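# Fold and contact review
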Amino acid sequence: MPRANGGWFDPVPAYRIATLRVCLAVVTLVFHVPKFNGLLDAYTASAFHVAPAFAWIPMPGRGAGLALMGLQHVAAWALFLGWWPRLAAWTLTGAGAYIMALDGEHYSHNAHFHLTLLALVGCAADGVSLRRLVLGADDDARAAAWPERLIRLQLAIVFFFAALDKVLSPHWRMTGAVLTAPGFAAHAMGLAALQRVNQVVLGAVPGVLSLATIATELALAAGFALPALAALAIVLSVGFMTYLEFMVRPGVFTWDVLITLLLLSPAADRGWRVVHAARGLRPLLARLDWMRRLQWVVPILPSSRSTRTVEPAKASGGLHLVSPRGRVFCGLAAVCALPAALPGPLLVGLVLARFGGGFLAARGLGRWDDLPFLALGAYLACRLIVTARAAAGRRDSSPSDGCAHANAGQILDPSRGRR
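Cut-offs applied
Residues numbered from 1 in each chain as written. Predicted model: local features only at pLDDT ≥ 70, side-chain atom pairs only at ≥ 80, totals over all residues. Heavy atoms only, no water. Pairing = 2+ DSSP bridges. Helix = DSSP H or I, 4+ residues; strand = E, 2+ residues; numbered from the N terminus. Axes fitted to C-alpha atoms, helices over the stretch in contact; angles between N-to-C directions. Contact = heavy atoms within 4.5 Å. Buried < 20%, exposed > 50% of the residue type's maximum accessible area, 1.4 Å probe, protein only. Salt bridge = Lys/Arg side-chain N within 4 Å of Asp/Glu carboxyl O. Parallel < 35°, antiparallel > 145°, perpendicular 65-115°, else oblique. Left-handed = near helix turned anticlockwise from the far one by under 90°. Nonpolar A, V, L, I, M, F, W, Y, C, P; charged D, E, K, R; others polar. Patch = residues over 30% accessible without salt bridge, like charges linked within 9 Å, V, L, I, M, F, W, Y side chains within 5 Å. Areas by Shrake-Rupley, 256 points an atom, 1.4 Å probe, with all protein chains shown as cover. Phe/Tyr/Trp six-rings, centres within 6.5 Å; stacked < 30°, edge-to-face > 60°. Lys NZ or Arg CZ within 6 Å of the ring centre and 35° of its normal.

## What to know about the sheet that holds strand 7 (residues 328-330)
The four strands are arranged 4-3-6-7 in an open sheet whose pairing can be described as mixed. In the strand order of this sheet, the two ends are held by strand 4 (294-296) and strand 7, each with one partner. In this sheet, neighbouring strand axes are inclined to one another by 30° on average, regardless of whether the strands run parallel or antiparallel. Relative to strand 4, strand 3 (residues 272-276) runs parallel, the two being bridged by three bridges. Directly across from Arg273, in strand 4, lies its bridge partner Gln295. This element, helix 14 (residues 332-341), spans strand 3, strand 4, strand 6 (320-322) and strand 7 of the sheet and lies at about 120° to strand 7.

Below is the structure:
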């Protein structure tokens, strides 16, 4: 395996950047391409145009605009499927930059960040198509490390300049005027109450929260720039981005930032051991293991009669995982641990739920854009149930799900049953 702190041109697992590319393509398809195409459609449908950012930029007619809109869809699907991904990424980068340059009002920092990620993906040569990523036949494929390094560095740059912009803005600092302005995300019943609480808090201490936002962004910039702080940056950015998306304003940096965390999270190649899974569950998990974190092993129980052990399959009757640090998860606890082992498909599912729900909500079919927030609530509820069961098991001095017995004296043989 490549060294954790190797050079910029050292080989790294190609499926890491390939997983990022797939997730980035999904966000491009459901959010950025519709956004850019909407801007281009409005621009070409109008007879009035402001001067472009540069005088030499040609202004498109209606036919050219429709062709560019179609080209963006084709390029986004090609990026998703892994067909000529570098050409597709650069096509999307150029098209987006051109549309933003047509009119200064079209420019946005989050779109610029997205286009930068597309350009960096266009520099990578992972060579892993979506089909090969899902089938898991490219464990040994390698790509140069420098696109990954640049993406991590770009995250640090984004948060540093976001904090610097707020320090220099009279609407931030101690005033916090931006935080009390209207235009916050609306929610359905239940979540709307949480939003009202959020607005009350923002209105009560806007200056304090403004300074807290600046401090958070500076901390994220340092965390992304320094590998030693990567774990802190991951946790802090997930919480911060989730708050921005669902409690403040959706559709900013959230999903692009979460996708780039795939490169910061520990690789843990084949570090998660699957000791037991239901017969129909194993093929599904194998197809979702884009980051190559699962290793299928066979438990070998010691022959000593003095050690009482229980076969994992009999102990839990369901999924049985062992983390890279040796923690054992059974049943519902194993389901709660799956997001750490399968982050790529999880992000794709959340993106589709968020923007697919937004598509339905925009057509008056309900507040379906709250789906990811509700999924997060369900996940937290499962975690609370697991914690309560563990606490009850400790009080009773007996395991509640059989994991402790299954782990006692158990030897996991990675040489048997590996996928």
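## With respect to the pairing of strand 3
In this structure, strand 3 lies alongside strand 6, joined through three bridges in antiparallel fashion. If you follow His276 over to strand 6, its bridge partner there is His320.

## A look at helix 11 (residues 254-264)
Buried residues dominate helix 11, accounting for eleven of its eleven residues. Within the sequence span of helix 11, burial applies to Thr254, Trp255, Asp256, Val257, Leu258, Ile259, Thr260, Leu261, Leu262, Leu263 and Leu264.

## Some remarks on the environment of Ala47
Along the chain, the position of Ala47 falls in the loop between helix 1 (14-45) and helix 2 (62-81). The spatial distance from the C-alpha of Ala47 to the C-alpha of Gly61 is 10.0 Å, given a sequence separation of 14 residues.

## Considerations on the side chain of Thr213
Within the secondary structure, Thr213 sits in helix 9 (residues 206-225). Exposure remark for Thr213: the relative accessible area of 14% places this residue in the buried category. Once residues within four sequence positions are removed from consideration, Thr213 is found in contact with Lys166, Trp172 and Phe240.

## Comments concerning the side chain of Thr216
By secondary structure assignment, the location of Thr216 is in helix 9. We classify Thr216 as buried; its relative accessible area is 18%.

## What to know about the pattern of salt bridges
Once the charged atoms of two side chains with opposite charge are near each other, the side chains can pair. With the rule as written, the count across this model stands at five salt bridges. The shortest N-O distance in the salt bridge between Arg62 and Asp41 comes to 2.8 Å. With a gap of 21 residues between them, Arg62 in helix 2 and Asp41 in helix 1 connect regions that are remote in the sequence. By relative accessible area, which is 37% here, Arg62 ends up partly exposed. A salt bridge links Lys166 to Glu217, with the nearest nitrogen and oxygen atoms 3.1 Å apart.

## Digging into the packing of helix 4 (residues 109-123) against helix 6 (residues 146-168)
The contact between helix 4 and helix 6 brings their axes to 9 Å, and the two run at 165°. Judged by the angle between their axes, helix 4 and helix 6 are roughly antiparallel. When you trace helix 4 past helix 6, the crossing you get is right-handed. In this structure, helix 4 uses Phe113, Thr116, Leu117, Leu120 and Cys123 to contact helix 6, whose residues at the interface are Trp146, Pro147, Leu150, Ile151, Gln154, Leu155 and Val158. Per-class residue counts for the contact of helix 4 with helix 6 are ten nonpolar, two polar and no charged.

## So, the packing of helix 6 against helix 11
Running from amino to carboxyl end, helix 6 crosses helix 11 at an angle of 135°, the nearest separation of the two axes being 10 Å. In this view, helix 6 runs oblique relative to helix 11, as classed from their interaxial angle. The handedness of the crossing between helix 6 and helix 11 is left-handed. Each of Glu148, Ile151, Arg152, Leu155 and Phe159 in helix 6 lies in contact with helix 11, whose residues at this interface are Val257, Thr260, Leu263 and Leu264. When grouped by side-chain class, the residues that make up the contact of helix 6 with helix 11 number six nonpolar, one polar and two charged.

## Thoughts on unusual backbone geometry
For Trp84, which is not glycine, the phi torsion reads 45° and is therefore positive. Take Trp84: it is sitting in the loop between helix 2 and helix 3 (85-102). A residue is classified by how much of its surface remains accessible, and Trp84, at 66% relative accessible area, is exposed. The backbone of Arg292 sits at a positive phi, close to 55°, despite the residue not being glycine.

## Topic: a nonpolar patch on the surface
Taken together, the side chains of Trp8, Phe9, Leu153, Ile157, Phe160, Phe161, Leu164, Val167, Leu168 and Leu218 present a nonpolar region at the surface, about 960 Å² in accessible area. With seven residues, the single largest contributor to the nonpolar patch is helix 6. By the secondary structure assignment, Phe160 is in helix 6.

## Points about the packing of aromatic side chains
Centre distance and the angle of the planes are the two values used to describe a pair of aromatic rings. As enumerated under the stated definition, the model contains six aromatic pairs in all. Summarising the aromatic geometry, the rings of Trp272 and Phe329 are spaced 6.1 Å apart at their centres and angled 35° between planes, so their arrangement reads as tilted. With Trp272 in strand 3 and Phe329 in strand 7, this pair connects stretches of sequence that are 57 residues apart. Exposure remark for Phe329: the relative accessible area of 9% places this residue in the buried category. By way of ring pairs, the aromatic residues Phe31, Trp255 and Phe355 are connected into one cluster. The ring of Phe355 has Arg354 sitting right over it, with the charged end atom 5.3 Å from the ring centre.

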